Structures are given as structure tokens and as C-alpha cells.
Amino acid sequence: MTHHDKRFVQRDRDWHPPAYAPGYKTTVARSPNQALVSLMKPSASELTGPDFRTLRMGPHDNDLLLNFREGKGQDGLPIGERIIMFGRVIDQFGKPVPHTLVEMWQANAGGRYRHKKDAYLAPLDPNFGGVGRTLTDEQGWYRFRTIKPGPYPWPNDVNSWRPAHIHVSVMGPAISTRLITQMYFEGDPLIPICPIVNTLKDRDAVETMIGRLDIARSNSMDCLAYRFDLVVRGELQTYFENQ
Amino acid sequence: MKQPNSVPASELVLRETASQTAGPYVHIGLALAAAGNPVRDEEIWNEMARPEAEGEHIEVVGTVIDGNGDLVRDAFIEAWQADSRGDYQPEYDLKKPFNSFGRTATTFDRGSEFILKTVKPGSVKTADGQTMAPHINVTLFARGVNIHLHTRLYFEDEAEANAHCPVLNRVESPVRRQTLIAKREEEGGRVRYRLDIKLQGEGETVFFDF
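Definitions and limits used
Residues numbered from 1 in each chain as written. Chains lettered and ligands numbered in written order. Predicted model: local features only at pLDDT ≥ 70, side-chain atom pairs only at ≥ 80, totals over all residues. Heavy atoms only, no water. Helix = DSSP H or I, 4+ residues; strand = E, 2+ residues; numbered from the N terminus. Buried < 20%, exposed > 50% of the residue type's maximum accessible area, 1.4 Å probe, protein only. Contact = heavy atoms within 4.5 Å. Buried area = accessible area lost by both parts, 1.4 Å probe. Salt bridge = Lys/Arg side-chain N within 4 Å of Asp/Glu carboxyl O. Polar contact = N/O pair within 3.5 Å; in protein donor to acceptor, adjacent residues only side chain to side chain. Nonpolar A, V, L, I, M, F, W, Y, C, P; charged D, E, K, R; others polar. Pairing = 2+ DSSP bridges. Patch = residues over 30% accessible without salt bridge, like charges linked within 9 Å, V, L, I, M, F, W, Y side chains within 5 Å. Areas by Shrake-Rupley, 256 points an atom, 1.4 Å probe, with all protein chains shown as cover. 1 Å grid on protein atoms, 1.4 Å probe; cavity = no way out; pocket = protein on both sides within 12 Å on 5 of 7 lines; lining within 4 Å. Points joined across faces, edges and corners; volume = space filled by probe spheres on them. Core = buried A, V, L, I, M, F, W, Y, C linked by side-chain atoms within 4.5 Å.

(A) Examining the overall build of chain B more closely. Regarding its fold elements, chain B presents three helices and 13 strands. Its C-alpha atoms give chain B principal-axis dimensions of about 70 × 45 × 40 Å. Going through the 210 residues of chain B one by one, you find that 57% of them count as buried. Contacts in chain B between residues far apart in sequence, at least 24 positions, make up 66% of those at least 6 positions apart.

Okay, here's the thing in C-alpha cells:
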């Protein structure tokens, strides 16, 4: 019988950071010792995933300049460099991934997260929450408006600092394509000395996480634009007889 | 434009964007209430089944434990499961009685348990027609986890189906298979399945690549 055989390009685990990367100290006790068990013939459990087109979003869910003040009677704007963060979600074959959920979260301009466990001395911004979500359009494009987050210190080495970054979560078409990453900002001198960035062995892999200044798409007298494309695993279909 | 056949085929395939840890503040982005922040009208969270959903209503609970035996209090978890008839329902719609997708997190409270409110899934077939035992696909993210971990949760009271599940049987060590089997508890008419996820060391949970 002709068999609809869908699969995804194998994830290259030498490209991604390894589970155990002692320069990032928290990985030491949180990395499995045993080998992953490979499923050579993935099933619907791995090859399908949620479709969020019917999730009802708020009008400013992708606009972090406005979405924290909503419903609070506030009219202030967050402090910081106003930026547009935008890009495309495509797969490894360059095919756009439409209608997929892209979520992001970040610190404020001072490097402080609005999170009950963040006690960094930089102040909270009363006009900034730091969370956004959107769906890609038909061509895979997404867009957020926000402020550029600040770098911040964290307990790893005696004096470790995170480069400015925005956490980005993308669903893609299936559980197999799920990915969480971080966008860094082109030219940030903290990138090459960050223990989390340096969990990656391959410098080319680091390049996939750099948001690039796009002056052409910046808005005059308003905000700079940073482009950040996301590549998720490529989907393959074969229609040969399976014997 | 590149001349066809002039470069190795592998160079025509893009590399995936590299993974980074979800970090300690994942909650502000993906689990707003757990960060102590206001929630939006519709959030993707842990109530996968509403009371009218078909099937046996269950709670799935557990902890996440690191290589030192300590609780991982900042783990973020995603669940993907079939409905009680064994069908995945991809369309995520909070108005529907059941959604195949859910999210939960361990907590900063003393017990640090994650919880999902769902129905027991039916069994799903593999592409070549073998029956897998009922299971929930679990994806785990956390600070110190550089790339998310995939595991599965199976049910203790499905011993017969578990014994024949092709995926469980991919795990060579029968002892390790047990790390995927949730224990059934009943309390005041509520059915709860418990599975602790051990990231490292003795009793380390089986994690999958696919």
C-alpha cells in the first residue's frame, strides 16, 4: 500500500548545545548521563502538534510598548531604546512556516525581569511587562515592537553577565520542530564571553542567534529594526511504496 | 544563483536555529501566573480537559529532580496527548472540551509539583500500524537545560498494553522503562497519576530523540 511517510530532518545534536556544558554550571546536575533513546519511526505523537490559529489574542499581544499598561489606566511608555524585532519562520528547506505561534520574553532596559524570583537591583519599569506572542502570517513573517533589553549579571562565574537578549519560543508544525532559543544583538561585546552562548561548540551555530540591525526597515524618528529569522526542522514527505 | 549539482546536497539544507536554555524566567513568557504576573484573556495552560470532556478525568502530577536529588523548581513542561479515543486534536481552542496540548510548571512552593488536568488518552498507532500504549508526550525546559528534553508518561494500570508498546520496547533496559510509568493514586474519587522526572543519575528518566 502507498504510505504517506512524513518525517523531519534529523536534529543535529552536535550543532545544538550539549546537555552537559560545565562552563554553564547549572547544566552539571541537570544533564542526563544516559544516551537519548532514538525513535527511528516517529508516530503521530511526534509528527503532529498544536495549531494555535483559534487562540484568541489581545490587540497588543505583540506590542510590548503598550501591552503592559492595558487595563491599568496608565498611558506611559517603557524606558529604553524602541525597537522592532521581526523576521520569518522558515524550515530547513526555506519553506515558510505560516500561522505558527512565536512567543518571546525579556528583561527591561535595565536588565530586570518582571518575575517574582528576579531580585536584581535594577528597577522594574511600571510600563513594561516583557512578554509578547503572535502568529506568523501566510509567508511566515512575525513582528514585535518592544524596547531593547539591558544586559545583567548572573551567578555563574564570579563576574558573569548575560548579553542583551530576547528569549524566543517557536512551535513550528509539530512537536518535533519545537524550539526555544535566544536572540542576541549584533555587535554586543558580551556575546563571545557569555557562558550560555559558549555552550555551543560551533561559531556558525552562534550566528543563527544574532538579530541583525536592519536600517532599511527602521522607522525614521521612531525605532530601529532588528531582523531575526528562525529556522525550524525541515519536513520531508515520501510517497514510495514502503517495501 | 548556484549552478544545480555544483555543491554538496547538504549545503542546500539550512541549519536549524540553535537552541538555548529557557532560563529561570521562562514563566514570564510562557507561564505568566507562575511568574506572579497578570494573565491575558486566553492562556495556554494546564486544564486540557473541561468537565464535559469525554473519557476518564485524571490529574497528572510529579516533580522534577536533578542529579543531586534536589527539586528542580523552575522547570517548564509541555504535554501533547491523544484524546480518550486515541486521536490527536491539533486545533487548540479553549472553547473545546478537550485540547491535546497543555502546559504546566514545577513551582516555588514546598512540594514543587507540576499538575495537568486532563483525560486518560486512548492508544495511538504507529505509522506501520502497531499499537502504542496510552501515553502523554512530555517536553521539559528549564534553566540549565540547553535543549529541551522529550520523554513520555505511561500508565501503571495499562501493564498489558505497556508490555507490547513498540516505543517502550525500544528502551533496551526493562528497569529504565519503569522510569516512564506513572503510578496511579485515588483520593476522594479523584484519579491521579504521579511521575517524577529524574534528570540525571540513579533512576534517570528515559529521554527520547526523534
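(B) Spatial organisation of the interface of chain B and chain A. Taken together, the 79 residues of chain B in the interface contact 87 residues of chain A. In total, about 7200 Å² of surface goes out of reach between chain B and chain A, with carbon and sulfur atoms giving 56% of it. For the pair chain B and chain A, the number of links is ten salt bridges. The residue Glu-16 of chain B makes a salt bridge to Arg-11 of chain A at a minimum N-O spacing of 2.7 Å. Taken together, chain B and chain A are joined by 46 residue pairs in polar contact (both at pLDDT 80 or more). Only helix H1 (26-30), strand S3 (76-81), strand S4 (101-105), strand S6 (124-125), strand S8 (135-141), strand S9 (149-155) and strand S13 (208-209) of chain B provide two or more residues apiece to the side of chain B that touches chain A. Tallied by class, the residues present in the side of chain B that touches chain A amount to 38 nonpolar, 20 polar and 21 charged. Both strand S2 (residues 37-38) of chain A and S13 of chain B contribute to a ladder of two bridges, which runs parallel. Residue Val-37 of chain A lies in a different strand from S13 of chain B, and its bridge partner there is Phe-208 of chain B.

(C) A nonpolar patch on the surface, seen in detail. All names here are of chain A. On the surface, Leu-213, Ile-215 and Leu-224 cluster together to form a nonpolar patch covering roughly 260 Å² of accessible area. Of note, Leu-213 is situated in strand S11 (residues 210-213). On the basis of relative accessibility, which here comes to 39%, the residue Leu-213 falls in the partly exposed class.

(D) Region of the structure containing the side chain of Thr-104 of chain B. Residues and elements named next belong to chain B. Topologically, Thr-104 is positioned in strand S4. In terms of polar contacts, Thr-104 uses its side chain to reach the backbone carbonyl oxygen of Ile-115, at 3.0 Å. Discounting residues that sit within four places of it in the chain, Thr-104 has contacts with Trp-45, Asn-46, Phe-76, Ile-77, Phe-114, Ile-115 and Leu-116.

(E) Summary view of unusual backbone geometry. For His-99 of chain A, which is not glycine, the phi dihedral falls at a positive 55°. Looking at where His-99 of chain A falls in the secondary structure, it is placed in the loop between strand S3 (82-91) and strand S4 (101-106).

(F) Highlighting the pattern of salt bridges. Following the criterion strictly, the structure yields 36 salt bridges over all chains and no others. When the shortest N-O distance is used, the salt bridge between Arg-103 of chain B and Glu-103 of chain A registers 2.9 Å. Taken together, the residues Arg-103 of chain B in strand S4 and Glu-103 of chain A in strand S4 connect one chain to another. With relative accessibility at 3%, the residue Glu-103 of chain A sits in the buried group. If you follow the salt bridges from partner to partner, you end up with Glu-59, Glu-113, Glu-185, Glu-187, Arg-190, Arg-192 and Arg-194 of chain B in one network.

(G) Representation of the environment of Arg-217 of chain A within the structure. Residue and element names in this part refer to chain A. Position of Arg-217 among the secondary structure elements: in the loop between S11 and strand S12 (224-227). Taking the C-alpha atoms as reference points, Arg-217 and His-60, 157 residues apart in sequence, are found 20 Å from one another. With residues near it in sequence (within four places) discarded, Arg-217 still touches Ile-84, Phe-86, Ala-225 and Arg-227.

(H) Broad picture of the layout of surface pockets. Reported here for the second largest pocket is a volume of approximately 470 Å³. Taken together, 27 residues form the lining of the second largest pocket, with Trp-154 and Pro-155 of chain A together with Pro-24, Tyr-25 and Arg-143 of chain B sitting closest to its centre. When residues of the lining of the second largest pocket are traced back to their parent elements, those giving at least two are strand S7 (152-154) and strand S9 (165-170) of chain A. Top element by residues in the lining of the second largest pocket is S7 of chain A. It accounts for three residues. Here the residues of the lining of the second largest pocket are counted per class, giving 13 nonpolar, seven polar and seven charged.

(I) Structural view of the nonpolar core. If you look at the biggest cluster of nonpolar residues, it comprises 29 residues, and the most contacted ones within it are Val-64, Leu-140, Leu-153, Ile-197 and Leu-199 of chain B. Elements with a contribution of two residues or more to this core: strand S1 (57-62), S3, strand S5 (114-119), S8, S9 and strand S11 (190-194) of chain B. With residues near it in sequence (within four places) discarded, Val-64 of chain B still touches Asp-70, Leu-71, Val-72, Ala-75, Ile-77, Thr-106, Phe-114, Leu-140, Ile-197 and Leu-199 of chain B. Met-171 of chain A together with Phe-101, Val-167 and Phe-210 of chain B belong to the second largest nonpolar core, which has 26 residues in total.

(J) Region of interest: the pairing of S3 of chain B. All names here are of chain B. Burial of S3 is extensive: six of the six residues sit out of reach of the surface. Here S3 shows no split at all, with Phe-76, Glu-78 and Trp-80 on one side and Ile-77, Ala-79 and Gln-81 on the other all buried. With six bridges connecting them, S3 and S8 associate as antiparallel partners. Looking at S8, one finds that Gln-81 is bridged to Ile-136.

Everything listed here is a matter of coordinates, which is why it stays silent on function.
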